[in-house]
Each structure stands twice: as C-alpha cells, then as structure tokens.
Amino acid sequence: MTFEHGHTRPDTLSEDWEHQFDILPWMAYLTAIPHVIFLVTTVKENGQPNAALHGWASFTGEGDTYLVIMPVMKHAHTYQNMQRDGEFCVNFLAASYIEQCKQTIQHNTLDTDEITAAGLTCEDAVTLRVPRIAESFLKLECTVHWEQAVGPNSVNVIVCGRVNHLSVDEQFVTRPVTQRYGEDSFVFHCMA
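A. Geometry of the overall build of the protein chain. Helices and strands together make up the secondary structure of the protein chain, namely six helices and 10 strands. Taking 192 residues into account, the globule formula puts the C-alpha radius of gyration at 16 Å, and the protein chain, at 17 Å, falls close to it. Referenced to the eigenvectors of the C-alpha coordinate spread, the extents of the protein chain come out at roughly 50 × 40 × 35 Å. A fraction of 59% describes how many contacts in the protein chain between residues 6 or more apart in sequence connect residues 24 or more apart. For the protein chain, the exposed surface amounts to about 10900 Å²; the carbon and sulfur share of it is 52%. Side chains of the protein chain carry 11 positive and 24 negative charges; the gap between the two charge centres is 4 Å.

Here is the structure:
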C-alpha cells in the first residue's frame with residue numbers, strides 16, 4: 001500500500017509551533033528526507049558576526065561550483081546581510097558541535113556576536129569580509145550569484161552562491177570518500 005496525496009497538507013499533519021508550515025514545507029516533515037546541517041555566516045550592518053543554523057542546500061556547477069540554499073527567510077539577518085553585502089560562508093561542523101549550532105538561534109540580537117555567543121571561534125575568511133568558524137571541518141566562501149522568491153508573496157527566497165574558495169580539514173579530505181562520514185563529519189537533520 002502506498003500513500004498518495006496532492007499538494008495540500010493532510011489534516012492529520014499538525015504544526016508543532018505556530019506558523020511552522022507557513023515558513024517550512026509540510027512535505028519535508030511528512031517525508032523526513034535528511035538534509036545536511038551547517039551554519040551560514042555573514043556580517044550584520046553594524047559589523048557584528050551573524051550565524052544562522054541551516055539545513056537545506058544543494059550543489060551544482062558547470063566548471064564553477066554553486067551552492068543553492070533554500071529557504072532563506074527574508075526577514076532574517078542572514079538574508080538582509082547577503083542582500084546588502086553579496087557574500088556568505090557555509091560552515092560544516094561535526095556532531096560534537098550541534099549544541100553550539102543551536103545556540104545561534106537563541107543568541108541572535110543585532111548587537112550580538114552570534115558566533116562567539118554560541119561558544120564558537122571566528123576566523124578570517126580568505127576571499128570575503130564575513131567570518132568563518134574555526135571549528136568547522138569544511139568552509140565554503142561564497143558570493144551571491146542570484147536569488148529567487150519561492151513563490152508569490154513568499155516569506156522565503158532561494159539563494160544561489162558561487163563558491164570562490166574552500167577550506168577543508170586535511171584529515172577529512174585525505175580520507176577515502178567512504179570514510180568521510182561519521183561522528184566527526186556531516187550532521188544530518190530529518191524533519192520528524
């Protein structure tokens with residue numbers, strides 16, 4: 001037996017928090033497709049580091065490498081910073097840092113250095129003004145290539161960034177590909 005359903009949310013699937021399905025796709029909760037978790041770093045208008053916990057991205061390219069992040073909320077510091085400065089860094093951290101990653105949600109006022117407040121360390125990027133996170137085993141320095149609203153009157157946009165520079169931990173990159181996954185590597189999120 002298979003479950004067949006159209007584009008409207010089933011009545012049996014309820015929100016865990018108010019406006020959850022106005023911001024995030026209900027199908028992601030129903031299907032529980034895993035997504036890699038990472039922190040996007042930018043710089044706020046006042047110069048303070050910004051860090052946003054994120055979990056949807058895809059890579060593509062034709063010679064150059066592009067990173068497509070979706071959805072990025074229009075009202076958030078991250079989007080405003082990306083739009084103003086045209087740059088961001090994607091930082092992948094191991095599972096041992098997940099609690100620090102979650103702290104970026106709690107400590108996100110305009111005057112807060114969100115990286116340091118989460119117990120992580122800022123480091124200079126090579127090609128950008130935005131900071132990288134020193135504890136990350138993989139850092140992708142990106143410039144905004146294009147953005148597209150998810151739909152009419154959407155609160156979210158899809159942002160495509162061109163990867164201009166990468167920094168990767170030597171132990172991670174020298175392992176065979178089949179050994180690059182585990183507790184000291186990518187963290188996956190399943191919406192459930």
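B. How the structure looks around helix α3 (residues 77–85). Along α3, the residues that are buried comprise Thr 78, Tyr 79, Asn 81 and Met 82. Projected down its long axis, α3 shows its buried positions confined to an angular sector of 165°, all on one face. Buried residues along α3 sit against β1 (35–43), β2 (49–54), β4 (64–73), β5 (87–92), β8 (138–149) and β9 (156–168).

C. Spotlight on the nonpolar core. Membership of the largest hydrophobic core comes to 19 residues, with the highest contact counts inside it found for Ile 69, Phe 88, Val 90 and Phe 92. Beyond its immediate stretch of four places on either side in the chain, Phe 92 contacts Val 36, Ile 37, Phe 38, Phe 59, Ser 136, Phe 137, Leu 138, Leu 140 and Phe 186. By size, the runner-up hydrophobic cluster in this structure holds eight residues, among which are Leu 39, Leu 93, Cys 101 and Ile 133.

D. Looking closely at unusual backbone geometry. Omega for the peptide link from Met 70 to Pro 71 comes to -25°, which places this bond in the cis form. Take Pro 71: it is sitting in strand β4.

E. Structural view of the environment of Ala 125. Considering the arrangement of structural elements, one finds Ala 125 in the loop between β6 (122–124) and β7 (131–133). Linking Ala 125 and Leu 140, residues 15 residues apart in sequence, is a C-alpha distance of 9.4 Å.

F. Seen up close, a nonpolar patch on the surface. Residues Val 177, Tyr 181 and Phe 188 make up a contiguous nonpolar surface patch of roughly 330 Å² in combined accessible area. Of note, Phe 188 is situated in strand β10 (residues 187–189). For Phe 188, a relative accessible area of 46% corresponds to the partly exposed category.

G. The environment of His 19, seen in detail. With respect to the secondary-structure elements, His 19 resides in the segment before α1 (20–23). Taking the C-alpha atoms as reference points, His 19 and Asp 184, 165 residues apart in sequence, are found 34 Å from one another.

H. How the structure looks around the packing of aromatic side chains. Evaluated as defined, the whole model comprises two aromatic pairs. The interplanar angle of 55° and the centroid separation of 5.6 Å between the aromatic rings of Phe 38 and Phe 92 together place this pair among those described as tilted. A residue pair is termed long-range when its members are at least 10 positions apart, and Phe 38 in strand β1 and Phe 92 in strand β5 qualify at 54 residues. The exposure class assigned to Phe 38 is buried, which follows from its relative accessible area of 2%. Plain terms: the ring middles of Phe 137 and Phe 172 are 4.8 Å apart, the flat faces sit at 45° to each other, and that makes the pair tilted. Highlighted residues: Phe 137 in the loop between β7 and β8 and Phe 172 in helix α6 (residues 170–174), separated in sequence by 35 residues. With a relative accessible area of 7%, Phe 137 lands in the buried category.

I. Here's a closer look at the pairing of strand β3 (residues 57–62). Inspection of the sheet shows β3 paired to β4 by six bridges, in the antiparallel sense. By the bridge assignment for β4, Ala 57 is matched with Ile 69.

J. Looking closely at the pattern of salt bridges. Scanning all chains against the criterion turns up eight salt bridges. Of the charged contacts, one joins Arg 132 and Glu 123 as a salt bridge, the two residues approaching to 2.9 Å between their closest N and O atoms. Owing to a relative accessible area of 8%, Arg 132 belongs among the buried residues under this scheme. Residue class for Glu 123 comes out partly exposed when judged on its relative accessible area of 22%. One network of salt bridges, in which partners are shared, links Glu 123, Arg 132, Lys 139 and Glu 141.

Quick notes on the rules
Residues numbered from 1 in each chain as written. Predicted model: local features only at pLDDT ≥ 70, side-chain atom pairs only at ≥ 80, totals over all residues. Heavy atoms only, no water. Helix = DSSP H or I, 4+ residues; strand = E, 2+ residues; numbered from the N terminus. Rg over C-alpha atoms; globule rule 2.2 N^0.38 Å. Contact = heavy atoms within 4.5 Å. Areas by Shrake-Rupley, 256 points an atom, 1.4 Å probe, with all protein chains shown as cover. Lys, Arg positive; Asp, Glu negative; His and termini not counted. Charge placed at Lys NZ, Arg CZ, Asp CG, Glu CD. Buried < 20%, exposed > 50% of the residue type's maximum accessible area, 1.4 Å probe, protein only. Arc of directions from axis to C-beta. Core = buried A, V, L, I, M, F, W, Y, C linked by side-chain atoms within 4.5 Å. Patch = residues over 30% accessible without salt bridge, like charges linked within 9 Å, V, L, I, M, F, W, Y side chains within 5 Å. Salt bridge = Lys/Arg side-chain N within 4 Å of Asp/Glu carboxyl O. Phe/Tyr/Trp six-rings, centres within 6.5 Å; stacked < 30°, edge-to-face > 60°. Pairing = 2+ DSSP bridges.

By themselves these figures say nothing about function.
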